[in-house]
Amino acid sequence: TVSKRMVEDLGVKDAILIPNAIKNSYFKKLRDVEVLPESLKVHFRDGGKLHVGYVGRLTEDKGMDLLINASKKLKDLAFIAVGSGPMAHKLEKNGVAVHDKIDRDQVVTFMQNVDIFVLPSTKVDPFGLVVLEAMAAGTPVVLTDLCGVADYLDSGKDAIVTSLDEFTDAIDKLSRSEAKRRKLGEH
């Protein structure tokens, strides 16, 4: 399996752990928002708000209700979700901009251009590869402690790992500190 968390959840004593990995260099090449579809890049023309981004399935287990709650409470931030799934309409109805799937280079561009990347999983997420990808793109990340990748991260140094109850507050605090966002992104 892909994470320590999944080894525990499986309850099999001889489970073999093989963590996921990415090719960092792919996420380092800077990409301009102009490669994004018009419906997505229009969000980055509004320089007045910080952008909080998510990429993945738009499903309950991925924490879309947490994303909605954060969007409602943090009205000074722009929330953008890239993906598809049964919660797309609910997200849009509640102030989260939703964009269907985009190609791989566009995902990297999106990750490089949001101010904060989030993975709000509310059920155990085996790993959460998008966290590593966003980190490699130089974007600070807030994720819940239910993501398997959290076991490999030093919260506050690599990313912000938080409980479900403190997810919105973690985004709020990070959004208010440009220095902290820069430090996390550079690390």
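A brief report on the enclosed structure follows.

Cut-off values and rules
- Residues numbered from 1 in each chain as written.
- Predicted model: local features only at pLDDT ≥ 70, side-chain atom pairs only at ≥ 80, totals over all residues.
- Heavy atoms only, no water.
- Helix = DSSP H or I, 4+ residues; strand = E, 2+ residues; numbered from the N terminus.
- Rg over C-alpha atoms; globule rule 2.2 N^0.38 Å.
- Buried < 20%, exposed > 50% of the residue type's maximum accessible area, 1.4 Å probe, protein only.
- Contact = heavy atoms within 4.5 Å.
- Salt bridge = Lys/Arg side-chain N within 4 Å of Asp/Glu carboxyl O.
- Arc of directions from axis to C-beta.
- Polar contact = N/O pair within 3.5 Å; in protein donor to acceptor, adjacent residues only side chain to side chain.
- Phe/Tyr/Trp six-rings, centres within 6.5 Å; stacked < 30°, edge-to-face > 60°.
- Lys NZ or Arg CZ within 6 Å of the ring centre and 35° of its normal.
- Patch = residues over 30% accessible without salt bridge, like charges linked within 9 Å, V, L, I, M, F, W, Y side chains within 5 Å.
- Areas by Shrake-Rupley, 256 points an atom, 1.4 Å probe, with all protein chains shown as cover.
- Lys, Arg positive; Asp, Glu negative; His and termini not counted.
- Charge placed at Lys NZ, Arg CZ, Asp CG, Glu CD.

Per the secondary structure count, the protein includes nine helices and six strands. In terms of overall size, the protein behaves like a compact globule, its C-alpha atoms giving a radius of gyration of 16 Å where 187 residues would be expected to give roughly 16 Å. Considering only C-alpha atoms, the protein reaches an extent of 50 × 35 × 30 Å along its principal axes. Counting across all 187 residues of the protein, residues that qualify as buried make up 50%. Here the contacts in the protein between residues at least 6 apart in sequence split such that 63% fall between residues at least 24 apart.

Tallied over the full model, the rule gives eleven salt bridges. Between arginine 45 and glutamate 38 there is a salt bridge, and its shortest N-O distance comes to 2.6 Å. With relative accessibility at 43%, the residue glutamate 38 sits in the partly exposed group. For aspartate 61, the salt bridge is made with arginine 57, and the minimal N-O distance between the two is 2.9 Å.

Taken together, the buried positions of helix H9 (residues 178-186) are occupied by Arg181, Leu184 and Gly185. Down the axis of H9, the buried side of the element spans an arc of 100°, and every buried residue falls inside it. Opposite the packed face of H9, turned more than 90 degrees from it, sit the exposed residues Lys183 and Glu186. Elements that come into contact with the buried residues of H9 comprise strand S1 (50-55), strand S4 (116-119), strand S6 (160-162) and helix H8 (167-175).

The next point concerns the side chain of aspartate 125. In this structure, aspartate 125 sits in the loop between S4 and helix H7 (129-136). What makes aspartate 125 buried here is its relative accessible area of 6%. Side-chain polar atoms of aspartate 125 contact the side chain of lysine 62, separated by 2.8 Å. Those residues in contact with aspartate 125 that sit more than four places away from it in its chain are Lys62, Leu119, Leu146, Cys147 and Gly148.

Turning our attention to the packing of aromatic side chains. Scanning the entire structure with this criterion turns up three aromatic pairs. Consider the rings of phenylalanine 44 and phenylalanine 110, whose centres lie 6.2 Å apart with planes at 75°: the pair is edge-to-face. On the criterion of sequence distance, the pair formed by phenylalanine 44 in the loop between helix H3 (38-41) and S1 and phenylalanine 110 in helix H6 (residues 104-113) is long-range, its members being 66 residues apart. Phenylalanine 44 gets classed as buried once you look at its relative accessible area, which sits at 16%. The positively charged end of arginine 31 is found above the aromatic ring belonging to tyrosine 26, 5.0 Å away from the centroid.

Relative to the helices and strands, asparagine 94 resides in the loop between helix H5 (88-93) and strand S3 (97-99). Relative accessible area serves as the criterion here: at 19%, asparagine 94 is assigned to the buried category. In this structure the side chain of asparagine 94 is engaged in a polar contact, spanning 2.8 Å, whose partner is the backbone oxygen of lysine 90. Apart from the residues within four sequence positions on either side, asparagine 94 is in contact with Ile68, Ser71 and Lys72.

A few words now on a positive patch on the surface. A cluster of basic residues, Lys49, Lys72, Lys75 and Lys93, forms a positive patch at the surface. Locating lysine 93 in the fold gives a position in helix H5. Residue classification places lysine 93 among the exposed residues on the basis of a relative accessible area of 64%.

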